[in-house]
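Structural overview
Given next are the chains, with one letter for each unit.
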Amino acid sequence: MRKVVVTGLGCISPVGNSVEETWEALKAGKSGIAPIAGYDAGPFKVKYDAEVKNFVASNYMESSVARKMAKFTQYAVAAATQALEDSGLKGNAEVLENTGIFLGVGIGGFEVMETGYKSYFTSNFTRVAPMTIPMLIPNEAAGNIAIVHGCHGPAHTIATACASGTDAIGNALDQIRSGRMDVCLAGG
């Protein structure tokens, strides 16, 4: 059985936008729960959530590319970029050409769905932005990681609720251990 090693890490989370920030916040017992800032929570009973804070997509991708992605995809591309930088593989076309992606996603882009519904209802049921479906589907994140980083191996999205990320890592482990893949990006 082949040994499998983790060579790079990346993290975008409610307590930090890097592995280091997240780890320090966790060690300090910092909570990512805060008053909702991403939308007007006034009419709703729930006023708190665990949003990602201070994320700047243009630190990881062109703004024109980010505009075509839901937030969850921007976070996934950013975390993948960090992991590739940490591993020393970012830009290594020879390795990335055959790199697989296994990404756990519970649900796609809710904010995209909301915007699509608003557009549809306010246009007298005649218009939805053409990128609505491509932006909200769960496999958008794995596909965009592949496009941004030139990964041409399999790009799988695993949706198993709260276990999605763990299952994705397990699938990548299996691919490498069995000899079917040499390099995978995995997470959730």
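Presented here is an overview of the structure given in this document. (Residues numbered from 1 in each chain as written. Predicted model: local features only at pLDDT ≥ 70, side-chain atom pairs only at ≥ 80, totals over all residues. Heavy atoms only, no water.)

1. A closer look at the pattern of salt bridges
To be explicit about the condition: By definition, a salt bridge exists where a carboxyl oxygen of Asp or Glu is found within 4 Å of a side-chain nitrogen of Lys or Arg.
Within this structure, the stated rule accounts for five salt bridges. Close ionic contact of D174 with R180 constitutes a salt bridge, the shortest N to O distance being 2.5 Å.

2. Quick notes on the side chain of T22
To be explicit about the condition: Put simply, DSSP H or I for four residues or longer makes a helix, DSSP E for two residues or longer makes a strand, and each gets a number counted from the N terminus. Counting of polar contacts relies on pairs of N or O atoms within 3.5 Å, with two restrictions inside protein: one atom must be capable of donating a hydrogen and the other of accepting it, and residues adjacent in sequence are counted only when both atoms are side-chain atoms. Contact definition: two residues touch when any of their heavy atoms are within 4.5 Å.
Within the secondary structure, T22 is located in helix 1 (residues 19-27). A polar contact of 2.9 Å, which involves the side chain of T22, links it to the backbone oxygen of S18. If sequence neighbours within four positions are ignored, T22 has contacts with C11, S13, V15, G16 and N17.

3. Comments concerning helix 3 (residues 71-87)
The condition that has to hold: For a helix, the expected span equals 1.5 Å multiplied by the number of residues minus one. Exposure categories follow from relative accessible area, calculated using a 1.4 Å probe and restricted to protein chains: below 20% of the type maximum is buried, above 50% is exposed, and the middle band is partly exposed.
For helix 3, spanning 17 residues, the distance from its first C-alpha to its last is 24 Å, which sits close to the expected 24 Å at 1.5 Å a residue. Of all 17 residues in helix 3, twelve are buried, a share of seventy percent or more. Residues of helix 3 that are buried include every one of F72, T73, Q74, A76, V77, A78, A79, A80, T81, Q82, A83 and L84, and no others. G88 lies just past helix 3 and shows a positive phi near 80 degrees.

4. Quick word on the environment of F44
Summarising the element assignment, F44 is placed in the loop between strand 1 (34-35) and strand 2 (48-49). As a C-alpha pair, F44 and V105 span 61 residues in sequence and 26 Å in three-dimensional space.

5. Side note on the packing of aromatic side chains
For the record, the criterion: Pairing of aromatic rings covers Phe, Tyr and the six-membered ring of Trp, with a centre-to-centre limit of 6.5 Å; geometry is then stacked below 30 degrees between planes, edge-to-face above 60, and tilted otherwise.
Within the structure shown, the criterion is met by seven aromatic pairs. Pairing F55 with Y75 gives two aromatic rings, centres 5.0 Å apart and planes at 90 degrees, and the pair type is edge-to-face. With a gap of 20 residues between them, F55 in the loop between strand 2 and helix 2 (63-66) and Y75 in helix 3 connect regions that are remote in the sequence. When its relative accessible area of 21% is taken as the criterion, Y75 is described as partly exposed. By the ring-pair criterion, three or more aromatic residues cluster together here, those being Y117, Y120, F121 and F125.

6. Some remarks on the sheet that holds strand 5 (residues 184-187)
Defined as follows: DSSP calls a pair of strands paired once it identifies at least 2 bridges connecting them. Only the stretch in contact is used when a helix axis is fitted, and all axes are lines through C-alpha atoms; the angle between N-to-C directions ranges over 0 to 180 degrees.
Spatially, 4-3-5 is the arrangement adopted by the three strands of the open sheet, whose pairing is parallel. The open sheet has two edge strands with one neighbour each: strand 4 (155-158) and strand 5. Pairs of neighbouring strands in the sheet enclose a mean axial angle of 10 degrees, with direction left out of account. With four bridges joining them, strand 3 (residues 100-104) and strand 5 adopt parallel strand pairing. In the sheet register, I101 faces strand 5, and the bridge partner there is L185. Along the sheet, helix 7 (residues 140-149) contacts strand 3, strand 4 and strand 5; its crossing angle with strand 3, the most-contacted strand, is approximately 150 degrees. On the sheet, helix 8 (residues 164-177) packs against strand 3, strand 4 and strand 5 and is oriented at approximately 155 degrees with respect to strand 5.

7. Section: the environment of K47
Checked against the element boundaries, K47 lands in the loop between strand 1 and strand 2. Exposure remark for K47: the relative accessible area of 34% places this residue in the partly exposed category. As for K47 and G116, which are separated by 69 residues in sequence, their C-alpha atoms are 24 Å apart. When sequence neighbours within four positions are dropped, the list of residues in contact with K47 reads A34, P35, I36, A41 and G42. A distance of 2.7 Å separates a polar side-chain atom of K47 from the backbone oxygen of G42. Polar contacts involving the side chain of K47 include one to the main-chain carbonyl oxygen of F44, which spans 2.6 Å.

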